[in-house]
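Residue-level structure breakdown
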Amino acid sequence: MRGVFVDANESLAVIMERLEKSGDPKMRINRNPDIKPEDYPAVLDGAEIAIVDHTALPTDVAKTCAGLKHVVFLGTGARSYMNPEELAELGISVHLIKGYGDTAVAESAIALMWSSARVIAQMDREMRAGNWLREDGMQLTGKTLGLIGFGGIAAEVARIALGSGMKVIAWNRSPKMHSGVEFLDLDTVLGKSDVVSIHLLLNDETRGLIMREKIAKMKPGVILINTARGAIVDEQAMIDALKSGHIRHAGLDVYNIEPLPKDHPLTKIPNVTLSAHSAFRTPEASENLIHAAWEHCRRIVKG
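In this report, we go over the structure that sits alongside the text. (Residues numbered from 1 in each chain as written. Predicted model: local features only at pLDDT ≥ 70, side-chain atom pairs only at ≥ 80, totals over all residues. Heavy atoms only, no water.)

Section: the packing of aromatic side chains
Note on aromatic pairs: each is described by the distance of the centres and the angle between the planes. Evaluation of the coordinates by the stated rule reveals two aromatic pairs. Their ring planes at 35° and their centres at 5.3 Å tell us that Phe73 and Tyr81 sit as a pair that is tilted. Aromatic pair Phe150 and Phe183: ring centres 5.1 Å apart, planes at 75°, arrangement edge-to-face. In this pair, Phe150 sits in the loop between strand E6 (144-148) and helix H7 (152-163) while Phe183 sits in strand E8 (residues 181-183), placing the two residues 33 residues apart along the sequence. Residue Phe183 is classed as partly exposed on the basis of its relative accessible area, which comes to 24%. (Phe/Tyr/Trp six-rings, centres within 6.5 Å; stacked < 30°, edge-to-face > 60°. Helix = DSSP H or I, 4+ residues; strand = E, 2+ residues; numbered from the N terminus. Buried < 20%, exposed > 50% of the residue type's maximum accessible area, 1.4 Å probe, protein only.)

Brief notes about the pattern of salt bridges
Inspection of the entire model under this criterion finds 14 salt bridges. Arg31 serves as the salt-bridge partner of Glu17, at 2.9 Å between the closest nitrogen and oxygen. Placement of the pair is Glu17 in helix H1 (residues 10-18) and Arg31 in the loop between strand E2 (26-29) and helix H2 (40-44), with a sequence separation of 14 residues. A salt bridge links Asp194 to Lys219, with the nearest nitrogen and oxygen atoms 3.0 Å apart. Highlighted residues: Asp194 in the loop between helix H8 (186-192) and strand E9 (195-198) and Lys219 in the loop between helix H9 (212-217) and strand E10 (222-226), separated in sequence by 25 residues. Given the relative accessible area of 12%, Asp194 is considered buried. One salt-bridge network, held together by shared partners, links Glu10, Glu17 and Arg31. (Salt bridge = Lys/Arg side-chain N within 4 Å of Asp/Glu carboxyl O.)

A word on the sheet that holds E9
The seven strands lie next to each other as E8-E7-E6-E9-E10-E11-E12, forming an open sheet whose pairing is parallel. The open sheet terminates on both sides in strands that have one partner only, identified here as E8 and strand E12 (272-274). Put simply, the sheet's adjacent strands are angled 20° from each other on average, direction ignored. Here strand E11 (residues 247-252) runs beside E12; their pairing, made up of three bridges, is parallel. Each residue of the ladder has a partner; that of Leu252, found in E12, is Leu274. With respect to the sheet, H7 is in contact with E6, strand E7 (167-171) and E8, its orientation differing from that of E6 by roughly 175°. (Pairing = 2+ DSSP bridges. Axes fitted to C-alpha atoms, helices over the stretch in contact; angles between N-to-C directions. Contact = heavy atoms within 4.5 Å.)

Here's the deal with the pairing of E7
Counted residue by residue, E7 has four buried out of five residues, so it is predominantly covered. As paired strands, E6 and E7 are joined by five bridges and run parallel to one another. The residue of E7 that forms the bridge with Gly146 is Ile169. Once you follow E6 into H7 and on to E7, the crossover reads as right-handed. Two strands pair when backbone bridges link them, and E7 and E8 are joined in this way by three bridges, in the parallel orientation. Across the sheet, residue Ile169 finds its bridge partner in E8, namely Glu182. (Right-handed = clockwise from strand over helix to strand, strands pointing away.)

Notes on helix H5 (residues 102-117)
Over its 16 residues, H5 extends 22 Å from the first C-alpha to the last, a length consistent with the 22 Å expected when each residue adds 1.5 Å. All of the buried residues in H5 are Asp102, Ala104, Val105, Ala106, Ser108, Ala109, Ile110, Leu112, Met113, Ser115, Ser116 and Ala117. Directly beyond the C-terminal end of H5, a positive phi value near 55° is found at Val119. (Expected span 1.5 Å × (residues − 1).)

Comments concerning the environment of Lys214
Positionally, Lys214 belongs in helix H9. Classification of Lys214 by relative accessible area gives buried; the value is 17%. As a C-alpha pair, Lys214 and Ile148 span 66 residues in sequence and 12 Å in three-dimensional space. Residues in contact with Lys214, not counting those within four places in the same chain, are Leu186, Asp187, Leu190 and Leu209. A distance of 2.7 Å separates a polar atom in the side chain of Lys214 from a polar atom in the side chain of Asp187. (Polar contact = N/O pair within 3.5 Å; in protein donor to acceptor, adjacent residues only side chain to side chain.)

Quick notes on the packing of H1 against helix H11 (residues 283-302)
Between H1 and H11, whose axes approach to 10 Å, the crossing angle comes to 50°. With respect to each other, H1 and H11 are oriented oblique. H11 is crossed by H1, and the crossing has right-handed handedness. Touching Leu12, Ile15, Met16 and Arg18 of H1 are Ser286, Glu287, Ile290 and Trp294, all from H11. Tallied by class, the residues present in the contact of H1 with H11 amount to five nonpolar, one polar and two charged. (Parallel < 35°, antiparallel > 145°, perpendicular 65-115°, else oblique. Left-handed = near helix turned anticlockwise from the far one by under 90°. Nonpolar A, V, L, I, M, F, W, Y, C, P; charged D, E, K, R; others polar.)

Fair warning: the whole summary comes from geometry, so function is off the table for now.
Here's what the structure looks like:
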């Protein structure tokens, strides 16, 4: 059984090679992170396992990939890049990797929260343009952080926020308990939070969950953080709320369109701090990620 890492950047390729063990399935690494979906059949060349970092795999393309039986997606958000149910109908199993970057993403969410609260990115931009912008920030000690979704990442965010003196409340689709966190219904969390941070997987139930009506229920002057998936939030409703000031500031790592176009409306709004879907990108998280990918491949070979 053969595998191909279809879209490896150099740093992930190096880790992939270093973590290979004797007896592992033969793995070819395609050191080209910029392949297009239509390149899959040629890149895979009949391999049974595809390791995928970020390249979309449309079902029509998967049909042309002779021999493909397994996709190991490097993360949890495969649904943003492929349709697992349709692939399953073709006999292709999609394997996800959870938990590898919980701390990395949580730290990024916290960084976006603090930067948003103190308007750091906006002051930086203005000072580089020669303007001495001095803005009043939001003091977060004693403020309420509302977590929408509560998995491993949100638990890490809660740990850090509680340690900094914030109150943490949360909503989750299934019942949860966590020390120091009060679980409430969604509308109550939205209405009581000074900061709302999104921590949900994207699926049919969560797509567009934070719609215009939900944003209206948020406390005026709220800070919104999203390191999950852009499509969970109604983008136009968020932009309107940012322009009106109902949302004081947004810290975003994820978007409906990625890479974010240079002329996108979000790039023109001052009260937004943007990062390039990189919350999970630390050496520690990458090490965990590739180790888990190899473990998936080993289990696949063993049946």
